[in-house]
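# An overview of the molecular structure
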Amino acid sequence: PTFATAAAGGITEADMWYLTSNLSTTSSETLITANLARAATTGFSVLGTGVAVSSGVWTFPSTGFWLVQANAQWEASGNTGYHGLRIYVTADNSNYTQITNANTGAEAGYYMNSSSNTILDVTNTTNVKIKIFATSSANSTLKGTSSYKYTGFTFIRLGDT
């Protein structure tokens, strides 16, 4: 597909990332820090500058209102209670606060999906950042592969602050 450049006042930033290999989780929060790649296999690379990630900290390239979507596919290894994603935000580049929590039920041998979404007002690109955590009530697998998106993250700048 061909993607046009956004017209004046339109969306000027859009970026997609995905998990390139499975991530084993335990009965606590696991910060997603590695095996992340910008989605380039779908015919889309990035609109604008794109977000950056380092050691699990996501940085926005410009101020404005940003839609953040985190979507996961899980594989339960046992009869566990839940699997989910949590988004944390900081406004001072230091202290993080949980702002989303999206869980799904679990049953051994089955796949489940969970999504955690929010809109952020990024008023300062140095201080406003996010972290995305995987969480489950017992051992499980957050699915990832380099072939396509099982688990992925989408960032769209909606407009000015």
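Residues numbered from 1 in each chain as written. Predicted model: local features only at pLDDT ≥ 70, side-chain atom pairs only at ≥ 80, totals over all residues. Heavy atoms only, no water.

## Brief notes about the overall build of the chain
Of the regular secondary structure elements, the chain holds 0 helices and 15 strands. The buried share of the chain, reckoned over its 161 residues, is 43%. The contacts of the chain with a sequence gap of at least 6 include a subset with a gap of at least 24, amounting to 74%. Of the roughly 7,600 Å² of accessible surface on the chain, a fraction of 48% belongs to carbon and sulfur atoms. (Helix = DSSP H or I, 4+ residues; strand = E, 2+ residues; numbered from the N terminus. Buried < 20%, exposed > 50% of the residue type's maximum accessible area, 1.4 Å probe, protein only. Contact = heavy atoms within 4.5 Å. Areas by Shrake-Rupley, 256 points an atom, 1.4 Å probe, with all protein chains shown as cover.)

## Here's the deal with unusual backbone geometry
If you check the backbone angles, Ser 55 has positive phi at about 55 degrees while not being a glycine. Within the fold, Ser 55 resides in the loop between β6 (52–54) and β7 (57–59).

## Concerning a nonpolar patch on the surface
Taken together, the side chains of Phe 65, Ile 119 and Leu 158 present a nonpolar region at the surface, about 260 Å² in accessible area. Considering the arrangement of structural elements, one finds Leu 158 in strand β15 (residues 152–159). (Patch = residues over 30% accessible without salt bridge, like charges linked within 9 Å, V, L, I, M, F, W, Y side chains within 5 Å. Salt bridge = Lys/Arg side-chain N within 4 Å of Asp/Glu carboxyl O.)

## Side note on the packing of aromatic side chains
Enumeration according to the criterion identifies 7 aromatic pairs in this entry. Ring geometry for Tyr 88 and Phe 133: centres 4.9 Å apart, planes at 65 degrees, overall edge-to-face. Within this pair, whereas Tyr 88 is found in strand β9 (residues 83–90), its partner Phe 133 is found in strand β13 (residues 129–136), the two being separated by 45 residues in sequence. Joined through ring pairs, the aromatic side chains of Trp 17, Trp 58, Phe 60, Trp 66, Phe 153 and Phe 155 make up one cluster. Positioned above the aromatic ring of Tyr 96, the side-chain terminus of Lys 131 is 4.3 Å from the ring centre. Against the face of Tyr 150 rests Lys 143, its NZ or CZ located 5.6 Å from the ring centre. (Phe/Tyr/Trp six-rings, centres within 6.5 Å; stacked < 30°, edge-to-face > 60°. Lys NZ or Arg CZ within 6 Å of the ring centre and 35° of its normal.)

## Looking at the pairing of strand β12 (residues 111–122)
Along any regular strand the residues' side chains alternate between the sheet's two faces. Of the two faces of β12, the one lined by Met 112, Ser 114, Ser 116, Thr 118, Leu 120 and Val 122 is fully buried and the one lined by Tyr 111, Asn 113, Ser 115, Asn 117, Ile 119 and Asp 121 carries no buried residue. Pairing of strand β8 (residues 64–76) with β12 involves 12 bridges; the strand directions are antiparallel. Looking across to β12, one finds that Val 68 is bridged to Thr 118. (Pairing = 2+ DSSP bridges.)

## Side note on the nonpolar core
Within soluble globular proteins, side chains that are nonpolar tend to cluster in buried spots. Counting residues in hydrophobic clusters, the biggest one holds 26 residues, and the most contacted among them are Ile 32, Trp 58, Phe 60, Ile 130, Ile 132, Phe 153 and Phe 155. The dominant element in this core, judged by the number of residues it contributes, is β8, at 6 residues. (Core = buried A, V, L, I, M, F, W, Y, C linked by side-chain atoms within 4.5 Å.)

## Looking at the side chain of Lys 129
Tracing the sequence through the fold places Lys 129 in strand β13. Despite its burial, Lys 129 pairs with no opposite charge; the closest candidate is Asp 92, at 10 Å N-O. (Lys, Arg positive; Asp, Glu negative; His and termini not counted.)

## Topic: the pattern of salt bridges
Note on pairing: side chains with opposite charge can pair once their charged atoms come close. Scanning all chains against the criterion turns up 4 salt bridges. Across the salt bridge formed by Asp 15 and Arg 38, the nearest N and O atoms sit 2.7 Å from each other. Highlighted residues: Asp 15 in strand β1 (residues 13–19) and Arg 38 in strand β4 (residues 36–38), separated in sequence by 23 residues. Its relative accessible area of 29% is what places Arg 38 among the partly exposed residues. Here Arg 157 makes a salt bridge to Asp 160, at a shortest N to O gap of 2.5 Å. Exposure remark for Arg 157: the relative accessible area of 10% places this residue in the buried category.

## A short note on the confidence of the model for the chain
Mean pLDDT for the chain: 87, with 89% of residues reaching 70 or above. When mean pLDDT is compared element by element in the chain, β7 scores highest at 98, while strand β11 (residues 102–104) scores lowest at 80. (pLDDT = per-residue confidence, 0-100.)

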